[in-house]
Amino acid sequence: MADLIAGMTLAQLLGQLAGLVALAFCIAGFANKNDDRLMVLLISANVAFALMFAFFQSWTAAALTVLVILRIALARRYQGNWKIMAGILAVNLLVAWATWKTATDVFPLTAATLGTVGMFMLRGIPLRIVLGLAALAWMLNNIVIGSVGGILAEGMVLVTNIITIVRLYRLQKKYPELLTDAIVKK
């Protein structure tokens, strides 16, 4: 372990640290059954992820992550608005085109696209399924750039997301008269 750390540049060490900070915010967010709290914690996590990607010089991922922060804020306010969602998707494509370096930049673009559609159009379990798929795409990107903190963060996002999906499913089974929105806004 010491050899691994000793072989890293300062930027790589800072990138790993930022990934671990993002991990903490992700766990707190995805373990939460309240969609509004999830969004606030995801904004904090994505600030840390943007820094992580910048330290690793993964510019498409860094730029799209900055847009993720804007998207989360807009999706909270304009849930279900197709026009704003389409605008964010168009800006994602433009930013990806401007920063694209390798074929693996498809991973952050896929993640940003899935996250945008999920946050604007979905709630409850469907939202978390789509965000889980986005986390998988981010994880693949983190594997490519070598971010241990990022890989752990997205792995924990997947695990906590699955646990929360099961919790929400059980609540719906136990209280079928409740609507999904009533459960996730609680």
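Above this note sits the structure.
The rules behind each value
For every chain, the first residue of its written sequence is number 1, and the numbers climb from 1 along that sequence. Local features in this predicted model are restricted to residues of pLDDT 70 or higher, and side-chain atom pairs are both shown and tallied only at a pLDDT of 80 or more, whereas totals for entire chains, interfaces and linings draw on every residue. In computing side-chain values, all of the structure's heavy atoms are included and hydrogens and water are not. A run of H or I in DSSP counts as a helix once it spans at least four residues, and a run of E counts as a strand once it spans at least two, with each numbered from the N terminus. As a reference, a globule follows 2.2 Å times the number of residues to the power 0.38, and the radius of gyration itself is taken over C-alpha atoms. A 1.4 Å probe rolled over the protein chains alone gives each residue an accessible area, and that area as a share of the maximum for its type sets the label: buried under 20%, exposed over 50%, partly exposed in between. A contact between two residues is defined here by any heavy atoms of the two lying within 4.5 Å. Per-residue and other accessible areas were derived by the Shrake-Rupley procedure at a 1.4 Å probe size, with only the shown protein chains allowed to occlude residues. For Phe, Tyr and Trp, rings pair up if their centres lie within 6.5 Å, where Trp contributes its six-membered ring, and each pair is then called stacked (planes under 30 degrees apart), edge-to-face (over 60) or tilted (otherwise). Counted as a polar contact is a pair of N or O atoms within 3.5 Å, where, for protein atoms, one must be capable of donating a hydrogen and the other of accepting one, and residues adjacent in sequence contribute only when both atoms are in side chains.

With that settled, the discussion passes to the overall build of the protein chain. Summing up its helical and strand segments, the protein chain has nine helices and zero strands in all. Seen in sequence order, the protein chain has helices and strands lined up from the N terminus as α-α-α-α-α-α-α-α-α. In terms of overall size, the protein chain behaves like a compact globule, its C-alpha atoms giving a radius of gyration of 17 Å where 186 residues would be expected to give roughly 16 Å. With the C-alpha coordinates aligned to their principal axes, the bounding extent of the protein chain is approximately 55 × 40 × 25 Å. Split into buried and exposed, the 186 residues of the protein chain put 42% on the buried side. Summarising the internal contacts of the protein chain: among those between residues at least 6 apart in sequence, 72% fall at separations of at least 24. When the accessible surface of the protein chain is totalled, it reaches about 9400 Å², and 72% of it is carbon and sulfur.

The geometry of an aromatic ring pair is captured by the separation of the ring centres together with the interplanar angle, meaning the angle of the planes. All told, the structure shown has two aromatic pairs when counted by the stated rule. Seen from their ring centres, Phe 49 and Phe 53 are 6.3 Å apart, and the 20° between their planes marks the pair as stacked. Here Phe 53 and Phe 49 lie together in helix 3 (residues 35-55), a separation of four residues that amounts to about one turn. Owing to a relative accessible area of 1%, Phe 53 belongs among the buried residues under this scheme. With 5.3 Å between their ring centres and 25° between their planes, Phe 53 and Trp 138 make a pair best called stacked.

On to the side chain of Thr 116, then. Here Thr 116 lies in helix 6 (residues 106-121). Here the side chain of Thr 116 touches Arg 71 through a polar contact of 3.4 Å, side chain to side chain. Dropping the residues within four chain positions of it, Thr 116 is found in contact with Arg 71, Met 85, Ile 88, Leu 89 and Asn 92.

As a further point, take unusual backbone geometry. The residue Gln 57 is not glycine, and still its phi comes out positive at about 55°. Here Gln 57 shows up in the loop between helix 3 and helix 4 (59-77). A residue is classified by how much of its surface remains accessible, and Gln 57, at 58% relative accessible area, is exposed.

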